[in-house]
Amino acid sequence: MTESSTTPQRPELPAAWQPSEVEAELYQGWVDHGYFTADVTSDKPPFTIVLPPPNVTGSLHMGHALNHSVMDALTRRRRMQGYEVLWLPGMDHAGIATQNAVERDLANNGLSRNDLGREKFVERVWEWKDEYGGKILDQMRRLGDGIDWTRERFTMDEGLSRAVQTIFKKMFDDDLIYRAERIINWCPRCQTALSDIEVEHSDDDGELVSIRYGEGADSIVVATTRAETMLGDTAVAVHPDDERYAHLIGTEVEVPLTGRRVPIVADEHVDPKFGTGAVKVTPAHDPNDFEIGQRHGLPNLTVMDGRGVITVRGPFEGLDRFEARPAVVAALRDQGRIVAEKRPYVHSVGHCERCGTVVEPRLSLQWWVKVEGIAKAAGDAVRDGRTTVHPAELGKRYFDWVDNLHDWCISRQLWWGHRIPVWYGPAGEVVCVGPDEQPPSGDGWRQDEDVLDTWFSSGLWPFSTLGWPDKTADLAKFYPTSVLSTGYDILFFWVTRMMMFGLYAMDEVQPFDHVYLHGLIRDANGKKMSKSRGNGIDPLAWIDSYGADATRFTLLRGANPGSDLAVAEEWAAGARNFTTKLWNATRFALSNGATVDRPLPARDALTDADRWILDLLDQLVSDVDGQFEGFQFAKLSEALYHFTWDEFCDWYLELAKVQIAEGGERAEATQSVLGHVLDVVLRLLHPLTPFITETLWKTLTGGESLVISEWPKPSGVERDAVAAERVEGLKKLVTEIRRFRSDQGLRPTQKVAGKVRGACCVDLLDQVSSVKALTRMTEPGDDFAVSASLEVGLPKGTVKVELDTSGTIDVVAERKRMTKDLAVAEKERAQCEGKLNNPAFTDKAPADVVAKIQARLAAANADIDRLNARIAALPEAK
RNA sequence: GGGCGUGUAGCUCAGCGGAAGAGCACUCGGUUUACACCCGAGCGGUCGCAGGUUCGAACCCUGCCGCGCCCA
């Protein structure tokens, strides 16, 4: 047997934790050891998270930092639990955003994309991507993401492009993708179609203008916020039941300024209560009008080009839509046709999510995904429990969405993206080409000019990144993924699309078992962080100042399910303080011989304090486990914080000092308990704060790495309720003595001789020495003279503490303190008596509740008697 | 207009049927050999308002008011 009893040489911990000096090196070490690389041949059960791919143009913001902290915590815990963990990184190509960025660069050199031509432009985007894109991937390393860099993917890489073409072909052949002319959301600046969710609505100031169409008795007044579109009116519509206009239905009226005569039609869609109850119908420039037009066979008259410039011959030709609007109104006013004008008129206006330009509804030939069937399947997967949404309340929003989804416009008039794999032939042929097929060639054949919505490719992410459409080992091992984590604002972008595609492509197997939706980051006043407000905080600045651990802990500690989280510098400083506390506590424990080299002594060789902290630790392990399973990050962070600081540091470490001072076996046992508790706490904290825990744990245990260590399990030992009661009694006693000292103005350092009487009667005999140590109470000498005493009521009786304060007592402070206690006790008595005197309570309340109230009343009465006697015995204040 | 959520200490939030809690802020006292990024002791709340259910309501129900988000 070797000399295992000697403490092995440990590297000395620096006096202070300096995260910025060690984080990068620690991180690289983890990566180099391959800890984050998933082994597809492993027998371990899989745990998979695909990173919702950030935008290639993006950089890390607080929302990412939160989401990454969540995913890293989840995956690190599962890795420790023995799962084969795959956390897969990558980015999406962000069609509009990236193209905009490159076009801006070109514009600075006086060039447009058309100057370069499509091929050269796309080359330029790739160059831009290589040089500027993917900043966020480096920033993820700063946070400590335990991610498998060997499997990094990009939506435009070869394999994923192949997946896009494969699914397009499959859906085309299944009639789930079709081409149709409809009203779409058009961004006149980005020059492309947008899907519904890429449009953001806001209430803007506008105008409501009422215009008289026609003459005399046959005239009709319509109200509009977009007067310029009247140039394209092809009807006026009223509600069929609206008696005011019944006589006009079927007649014609002249559209002012145009000389065009249009029918007055009856349509259920018209709201008789809005404006005059009559509306102008512009089928080519309004989605609702388009539907009316379809129902009544109206012509579609386009009056603007893709830039929003009026194309109708006449005085308005060449005017931008926003110049044309006042010009049209002025011309109508000249003709006396303006009946009313309301400005400002607040109404909902759609804006391009990427550039903020007011979206123009535009009649256009686009490609669409027919969503009805796949959206229903996406809803069913959640309804029947294959996928669980956390928090559950957000499931409703998910159902509302998938159950009412419109067909999805997937073509974009961009150059950067996956080009639609459809070729048009000279005789009107339309051929969709799969990835292994040769596109038709020859005269007159051309490929569709448009590319696909970026979401069309990132929607495939949970399986395309694993090798689909090939039947790869990764796909077999790691699909379906375990958790998708993202902000609830991305629910419709991410979750629904991945669900639709995943179920469709993977034979109805859901892309993820759990969806965790976290809240949005807000500032200290609860305001959403945004560039325009200027209230954003850069997570990297926090990492620089407070460390990655504190940054992560701040965010996780705020992550309550279903609600947003406010953060501010003070929060991060608080988390940093916590890491410092942990650092100092471990350093102290180590300097006092804390060790994991010896097994924990048997329970009966331990003190009450030892058993108490070990039992609390056990409870912590199971609490944290449960909270992890329920995605309760705020709760588990709080539990770990509370245990570490308020129980372990504030009480156990202080008690351990007393026990170690005893020396011998007691000291050795205490060192083992210290080592054990720290070992477990560091493991539990590691998923949240990987860097500091790794550093401390390696020093404590000499182990290789926490990353690959085992996740703690509850010991299964029965909790010692007696020990817990004794420690609680000790705490109460200590707190009351400290309170007395503080009220009496005794300096915290001042030692006071004292006696604790009656400890045996309340089963606290073993605790007396600790009580005295924690309250700076010294042994009474021969000259001991009681100058002050206090009584502390405990569940089993009253303990009397006698002190020699070698001087007079502050009677006023004493009276104040006891009077306050008396008031509390009297209030308690009144409350308890109120209940017990109510027969309905004693009859109907459960027996244990009644017994509890009776016990409380007894305690209150005892306190009152004692305090009254004490107050009466106080000398008169001078 | 429809839906969802939310109003608890100065601020940010837990608690969601049986004694009002945390962090930060604030007040007082402290260079106690782990830690001043700290320690000890305090102050602070008719739990948005009004009804109802219950022996008992911050918690359940109804209505109202304020705020937020999503959808139209």
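Residues numbered from 1 in each chain as written. Chains lettered and ligands numbered in written order. Predicted model: local features only at pLDDT ≥ 70, side-chain atom pairs only at ≥ 80, totals over all residues.

Student: Looking at this structure, I do not really get the UniProt feature "short sequence motif: 'HIGH' region" (unreviewed entry) in chain A. What am I missing?
Tutor: In the numbering used here, UniProt assigns the "short sequence motif: 'HIGH' region" (unreviewed entry) feature to residues 54-64. Helix makes up 27% of residues 54-64 and strand 0%, and the two end C-alpha atoms of the span are 9 Å apart. (UniProt positions renumbered as here; feature names shortened; annotations may be inferred. Helix = DSSP H or I, 4+ residues; strand = E, 2+ residues; numbered from the N terminus.)

Student: It is not clear to me how the domain arrangement of chain A should be interpreted in this structure. Could you clarify?
Tutor: Segmenting chain A into domains produces domain 1 (33-176 + 372-408 + 451-518), domain 2 (192-361), domain 3 (548-719) and domain 4 (723-873). Placing a centre on the C-alpha atoms of domain 1 and another on those of domain 2 gives a separation of 41 Å. At the junction of the two partners, domain 1 supplies 8 residues and domain 2 supplies 6 residues. For the side of domain 1 that touches domain 2, the elements supplying multiple residues, two or more each, are α3 (95-108) and α15 (491-505). When residues of the side of domain 1 that touches domain 2 are assigned to their parent elements, the largest contribution, 3 residues, is made by α3. Taken together, the residues of the side of domain 1 that touches domain 2 break down into 5 nonpolar, 2 polar and 1 charged. (Domains from an automatic or database assignment. Contact = placed C-beta atoms within 7 Å. Nonpolar A, V, L, I, M, F, W, Y, C, P; charged D, E, K, R; others polar.)

Student: Where do I start with the protein's contact with RNA strand B in this structure?
Tutor: As a structural note, the neighbourhood of RNA strand B is formed by 43 residues, with A566, N577, T580, F588 and A840 the closest of them. If you list the elements that add at least two residues to the surface near RNA strand B, you get α11 (394-403), α18 (569-591), α20 (633-661), α23 (721-743), α26 (839-844) and α27 (847-873). When residues of the surface near RNA strand B are assigned to their parent elements, the largest contribution, 10 residues, is made by α18. Along the lines of polarity and charge, the residues of the surface near RNA strand B split into 14 nonpolar, 13 polar and 16 charged. (Near = placed C-beta within 6 Å.)

Student: It is not clear to me how the sheet that holds strand β28 (residues 788-794) should be interpreted in this structure. Could you clarify?
Tutor: As a general point, the strands of a sheet are linked pairwise by backbone hydrogen bonds and lie either parallel or antiparallel. One open sheet accounts for 4 strands, arranged β27-β26-β29-β28; its pairing is mixed. Of all strands in the sheet, those bounded by a partner on one side alone are β27 (777-778) and β28. The sheet contacts of α23 involve β28 and β29 (797-804), and relative to β28 the element is tilted by about 150 degrees. Together, β28 and β29 form the strand contacts of α27, whose direction differs from that of β28 by roughly 170 degrees. (Pairing = 2+ DSSP bridges. Axes fitted to C-alpha atoms, helices over the stretch in contact; angles between N-to-C directions.)

Student: Sorry if this is basic, but what is going on with the packing of α18 against α20 here?
Tutor: Packed helices, taken two at a time, are described by the angle their axes make and the gap between the axes. Taken N-terminus to C-terminus, the directions of α18 and α20 make an angle of 35 degrees; their axes are 11 Å apart at the nearest point. In the packing of α18 onto α20, the handedness of the crossing is left-handed. Across from F578, K581, L582, A585 and F588 in α18, the residues of α20 making contact are Y641, T644, W645, F648, C649 and L653. Looking at the contact of α18 with α20 residue by residue, the class counts come to 9 nonpolar, 1 polar and 1 charged. (Left-handed = near helix turned anticlockwise from the far one by under 90°.)

Student: Help me understand unusual backbone geometry, please; the structure alone is not making it clear to me.
Tutor: A negative phi angle is the norm for most residues apart from glycine, just as the trans form is the norm for most peptide bonds. For the bond running from H390 to P391, omega is -5 degrees, close enough to zero to count as cis. Position of P391 relative to the elements: it lies in the loop between β15 (388-390) and α11. Omega for the peptide link from W468 to P469 comes to 15 degrees, which places this bond in the cis form. Take P469: it is sitting in the loop between α13 (461-464) and α14 (473-478). For L257, which is not a glycine, the phi torsion comes out positive at approximately 70 degrees.

Student: Please explain helix α8 (residues 287-296) as it appears in this structure.
Tutor: Helical periodicity: at 3.6 residues per turn, an α-helix aligns residues three or four positions apart in one direction. Within α8, the full set of buried residues consists of D289, F290, I292 and G293. Each buried residue of α8 lies within a common arc of 160 degrees when the element is viewed along its axis, so the set occupies one face. Taken together, the buried residues of α8 touch β5 (177-187), β9 (235-238), β12 (278-281) and β14 (360-369). Positive phi shows up at G297, right after α8, with a value of about 65 degrees. (Buried ≥ 20, exposed ≤ 12 C-beta atoms within 10 Å, placed from the backbone. Arc of directions from axis to C-beta.)

Student: Could you clarify how one ought to interpret the sheet that holds strand β7 (residues 199-213) in this entry?
Tutor: Pairing is antiparallel in the open sheet, where 3 strands are placed in the order β8-β7-β13. Across the chains shown, the open sheet's two edge strands, defined by having one partner strand only, are β8 (220-224) and β13 (338-352). Pairs of neighbouring strands in the sheet enclose a mean axial angle of 20 degrees, with direction left out of account. Examined bridge by bridge, β7 and β13 share 12 bridges and lie antiparallel to one another. Paired with I211 across the bridge in β13 is I338.

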